[in-house]
Amino acid sequence: MPYRAPVEDFAFLFDHVVGLDAVRQTDRFEDASEDVTRAILEEAGKMTNDVLAPLQRAGDLTPAKLENGVVRTSPGFADGFKAVAEGGWIGMSADPEFGGMGLPMTLTTAVNEMMSGACLSLQLAPLMSQGQIEALEHHASDAIKELYLPKLISGEWTGTMNLTEPQAGSDVGALATKAEDNGDGTYAISGQKVYITWGDNDFGGNICHLVLARLPGAPAGTKGISLFLVPKYLPNDDGSLGNANSLKVVSLEHKLGIHGSPTCVMQYDKATGWLVGPEQGGMAAMFTMMNNARLGVGGQGIGIAEAAYQHALAYALDRKQGKTPVEGGTGTIVDHADVRRMLMEMKADVYASRAIMLACAGAIDMGTATGDAEWKTRAAFLTPIAKAFGTETGIRVSEQGVQVHGGMGFIEETGAAQFYRDVRVTAIYEGTNGIQAMDLVARKMMDGGEMAHRLIDEIEEQAERARPTHPNMAEAVWQACETLREATEWLVDADMQDRFAGAVPYLMAFARVLGGHYHLAAALADKGGAREKLARFYIKRMLPQHAAYLTHAREGAAGAFALTAEELAS
Ligand SMILES: Cc1cc2nc3c(=O)[nH]c(=O)nc-3n(C[C@H](O)[C@H](O)[C@H](O)COP(=O)(O)OP(=O)(O)OC[C@H]3O[C@@H](n4cnc5c(N)ncnc54)[C@H](O)[C@@H]3O)c2cc1C
């Protein structure tokens, strides 16, 4: 079944659940009226349905390949990228001074999710450019901004991010790429980077690499890292493409999924680069890019979950098997209780994870518009949850999508398996979900759990408001909050190793409770409607998982280390 962008779901969430109103009331985002929002969602929906979705299979069946050192992209991808660029979708939230639209991140996040659901492999190209645009806006010199931003925003040029090296994955501080001052305002960059997404393409423009490297004498670890902009072609003063820089794609990775996205091993041999931000300020600059990308990757998981759900539902409504016990039913497997269970779980989690993602994006917008530290702290707290829960949802939902298809789910022609293969990486890149969870329980709890408690308070306040109309659902959400509150109190007093052992289950529990909160908001806004029924399903059947997660989270590290490394192998 072809992908259909969930325009109505986004509109409902904006209007009733995650409160785009507050964002619209700020001076900065006053142009993002309801009409503008609606028009954007519909236009983006048309583009994703008609242009990107047809490319998804082509990318899988005809992967990007390396020919004579140049990447040849999958059939139709160059035109697909052109459509994204011409629609202005790359620079939706970018600075209007350089050609961007200056719209809220909330809207960009929604459009990015739609693009991912339609064609994840291709969507990675604009996502990388968006991260680079944001990093340059915040940290680059005026000269770099003037030269690069208009071209990145228009899509004439594309951006990449180069952190990972063979010995430096999660531990970025172990990187060994070197930078030497050329004494003329440029630097010579040498080293190898691996797994570089869209490290090259044949779209016709420049490819601008943001590369983390170490200057001579810089301290070890992340403190000694600087960030450089290293273009494939050295631009002339008028912005036209000059000589080729001394960098190359050594090879492309053969991957489980996202075959249409070229994942490159890059070699830099005294390549000319320009410093972005101060010397040894590389991680701060890179974090600007990574935070944007983390939310974007969460949205990739949700986009694939949406697409896999639509695909599975269409199959279930068509496939006849066995006696269907529902009177007046469809006569297809959708009438079997276990198939219904799967479809309901899939739909309920797509909604929950999408609401969390949009709440995070809204907090980013409020932080940008008001400068208020509270919003920034909230966005920082929600980012690892949005990333990890969004991508876990993508994996779980696409796995259930395979199951709904039965044997046909395991056969590639149906396309169900591609969702599962494509989405798997989202839990790995942009910081593995384990690293996200550790960030949540360590850095994001440095305030002694204050932000966590403020969110829990808010969830309880809504539950209190919901008691008169939805007493059972409200009580379940309120009780879940109390369990989460106790676990949070335990966590902030716990030894770091104990926190880390329970980090992933704690993050999942927090997401489950937030999901209950947003489902309850939907029930309040749609009394007697389908959204209220879905909320009841989630709150009764899926929210209780938070308790098991929290029991696990509070067990500490000792049990995880109960077997020695030798015993693990025995
Ligand atoms: C398809 C693809 C595209 C990518 N694109 C890019 C890109 O564009 N740019 C880029 O720079 N990188 C990119 N990456 C790299 C990606 O970000 C890394 O793979 C990721 O950060 C994990 O690093 P690693 O693979 O070295 O795994 P490792 O760091 O070796 O991790 C292995 C396991 O150990 C765990 N682990 C590691 N350290 C710790 C710790 N301190 N505490 C607890 N657990 C830990 C991890 O969670 C994981 O489960 C891409 C990767 C892939 C597969």
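Right, let's walk through the structure included here. As the structure is a computational prediction, the values presented were derived from the model and not from experiment. (Residues numbered from 1 in each chain as written. Predicted model: local features only at pLDDT ≥ 70, side-chain atom pairs only at ≥ 80, totals over all residues. Heavy atoms only, no water.)

Take the overall build of the chain next. Summing up its helical and strand segments, the chain has 20 helices and 11 strands in all. Compactness check: the chain gives a C-alpha radius of gyration of 24 Å against a globular reference of 25 Å for 570 residues, within 12% of the reference. Reported as C-alpha extents along the three principal axes, the dimensions of the chain are approximately 75 × 60 × 50 Å. Within the chain, buried positions represent 57% of all 570 residues. (Helix = DSSP H or I, 4+ residues; strand = E, 2+ residues; numbered from the N terminus. Rg over C-alpha atoms; globule rule 2.2 N^0.38 Å. Buried < 20%, exposed > 50% of the residue type's maximum accessible area, 1.4 Å probe, protein only.)

Turning next to the site of the ligand. Not every one of the 18 residues close to the ligand is listed here, only the nearest: Thr-164, Ser-170, Tyr-195, Thr-197 and Thr-432. One of the backbone nitrogen or oxygen atoms of Tyr-195 is found 2.7 Å away from a nitrogen atom of the ligand. Taking Thr-432, its side chain carries an N or O atom lying 2.7 Å from an oxygen atom of the ligand. In isolation the ligand exposes 960 Å². Once the protein is present, 63% of that is buried. Elements with a contribution of two residues or more to the shell around the ligand: strand 3 (158-162), strand 5 (187-197) and helix 13 (433-441). (Near = heavy atom within 4 Å. Polar contact = N/O pair within 3.5 Å; in protein donor to acceptor, adjacent residues only side chain to side chain. Areas by Shrake-Rupley, 256 points an atom, 1.4 Å probe, with all protein chains shown as cover.)

Another point: the packing of aromatic side chains. If you walk through the whole model with that rule in mind, you get eight aromatic pairs. Ring plane angle 25 degrees and centroid distance 6.4 Å describe the contact between Phe-77 and Trp-198, whose orientation is recorded as stacked. Of this pair, Phe-77 sits in helix 5 (residues 77-86) while Trp-198 is found in the loop between strand 5 and strand 6 (207-214), placing the two residues 121 residues apart along the sequence. With centroids separated by 5.3 Å and ring planes inclined at 65 degrees, the aromatic side chains of Phe-381 and Phe-510 adopt a geometry described as edge-to-face. (Phe/Tyr/Trp six-rings, centres within 6.5 Å; stacked < 30°, edge-to-face > 60°.)

This part is about helix 1 (residues 7-17). Taken together, the buried positions of helix 1 are Val-7, Phe-10, Ala-11, Phe-12, Leu-13, Phe-14 and Val-17. On the buried face of helix 1, the contacting elements are helix 2 (20-24), helix 3 (34-52), helix 6 (105-139), helix 9 (337-370), helix 17 (503-525) and helix 18 (530-542). Looking one or two residues beyond helix 1, the residue adopting positive phi is Gly-19, at roughly 60 degrees. (Contact = heavy atoms within 4.5 Å.)

Counting buried positions along strand 7 (residues 225-231) gives seven out of seven residues, so the element sits mostly inside the fold. Residue alternation in strand 7 divides its side chains into two sets, Ile-225, Leu-227, Leu-229 and Pro-231 and Ser-226, Phe-228 and Val-230, and both sets are buried. Alignment of strand 6 against strand 7, held across seven bridges, turns out to be antiparallel. When the sheet's bridge partners are listed, Leu-210 is paired in strand 7 with Leu-229. (Pairing = 2+ DSSP bridges.)

Within the largest apolar cluster, 157 residues are counted, with the highest numbers of intra-cluster contacts made by Leu-136, Tyr-506 and Phe-510. Apart from residues lying up to four places away in sequence, Leu-136 is in contact with Ile-144, Lys-145, Tyr-148, Leu-149, Leu-152, Leu-210, Leu-229 and Val-276. In terms of nonpolar packing, the next biggest core, distinct from the first, is built from 18 residues, Ile-189, Val-230, Leu-247 and Cys-264 among them. (Core = buried A, V, L, I, M, F, W, Y, C linked by side-chain atoms within 4.5 Å.)

Mapped onto the elements, Ala-22 comes out in helix 2. Accessibility expressed as a relative area gives 33% for Ala-22, which makes it partly exposed. Taking the C-alpha atoms as reference, Ala-22 lies 7.8 Å from Met-366; in sequence the two are 344 residues apart.

It is worth spelling out helix 17 at this point. Relative to the 33 Å expected for 23 residues at 1.5 Å per residue, helix 17 spans 33 Å between its end C-alpha atoms, a close match to the ideal helical length. Counting buried residues in helix 17 gives 20 out of 23 residues, a clear majority hidden from the surface. (Expected span 1.5 Å × (residues − 1).)

Unusually for a residue other than glycine, Trp-198 sits at a positive phi of about 50 degrees. Among the residues examined, Trp-198 registers a relative accessible area of 2% and is labelled buried. At Glu-430, a residue that is not glycine, the phi angle is positive and equals roughly 65 degrees. Within the fold, Glu-430 resides in the loop between helix 12 (416-423) and helix 13.

Let us look at the side chain of Glu-532. Positionally, Glu-532 belongs in helix 18. Buried charge Glu-532 goes without a salt bridge, the closest partner of opposite sign being Arg-536 at 4.0 Å. At 2.6 Å, the side chain of Glu-532 and the side chain of His-470 are in polar contact. Non-local contacts of Glu-532, meaning those with residues more than four positions away in its chain, are made with His-470, Met-473, Ala-523, Asp-526 and Lys-527. (Lys, Arg positive; Asp, Glu negative; His and termini not counted. Salt bridge = Lys/Arg side-chain N within 4 Å of Asp/Glu carboxyl O.)

Time to look at the pattern of salt bridges. Tallied over the full model, the rule gives 33 salt bridges. For Asp-349, the salt bridge goes to Arg-396, with nearest N and O atoms at 2.7 Å. Of this pair, Asp-349 sits in helix 9 while Arg-396 sits in helix 10 (residues 373-404); the two residues are 47 residues apart in sequence, bridging distant segments of the chain. Residue classification places Arg-396 among the partly exposed positions, given a relative accessible area of 26%. Within this structure, Asp-9, Glu-113, Glu-306, Arg-354 and Arg-531 form a network of salt bridges that share partners.

Below, the discussion takes up the environment of His-259. Tracing the chain through its elements places His-259 in the loop between strand 10 (247-252) and strand 11 (263-276). With 195 residues separating them along the chain, His-259 and Ala-64 place their C-alpha atoms 6.6 Å apart. Those residues in contact with His-259 that lie beyond four places of it in its chain are Gly-59, Asp-60, Pro-63, Ala-64, Ser-121 and Arg-421. Polar contacts involving the side chain of His-259 include one to the main-chain carbonyl oxygen of Lys-255, which spans 2.8 Å.

Packing of helix 10 against helix 17 brings their axes to within 10 Å, and their N-to-C directions diverge by 85 degrees. The angle between the axes of helix 10 and helix 17 places the two elements in the roughly perpendicular class. From helix 10, Phe-381, Leu-382, Pro-384, Ile-385, Ala-388, Phe-389, Glu-392 and Arg-396 reach across to helix 17, where they touch Leu-507, Met-508, Phe-510, Ala-511, Arg-512 and Leu-514. In the contact of helix 10 with helix 17, the residues fall into 11 nonpolar, no polar and three charged. (Axes fitted to C-alpha atoms, helices over the stretch in contact; angles between N-to-C directions. Parallel < 35°, antiparallel > 145°, perpendicular 65-115°, else oblique. Nonpolar A, V, L, I, M, F, W, Y, C, P; charged D, E, K, R; others polar.)

Interaxial distance between helix 15 (residues 471-493) and helix 17 falls to 10 Å at its minimum, and their mutual angle equals 155 degrees. Considering the angle they form, helix 15 stands roughly antiparallel to helix 17. You can see that helix 15 and helix 17 cross each other, and the crossing is left-handed. Contacts from Met-473, Ala-474, Val-477, Ala-480, Cys-481, Leu-484, Thr-488 and Leu-491 of helix 15 reach helix 17 at Tyr-506, Phe-510, Val-513, Gly-516, Leu-520 and Ala-523. In terms of residue class, the contact of helix 15 with helix 17 is built from 12 nonpolar, two polar and no charged. (Left-handed = near helix turned anticlockwise from the far one by under 90°.)

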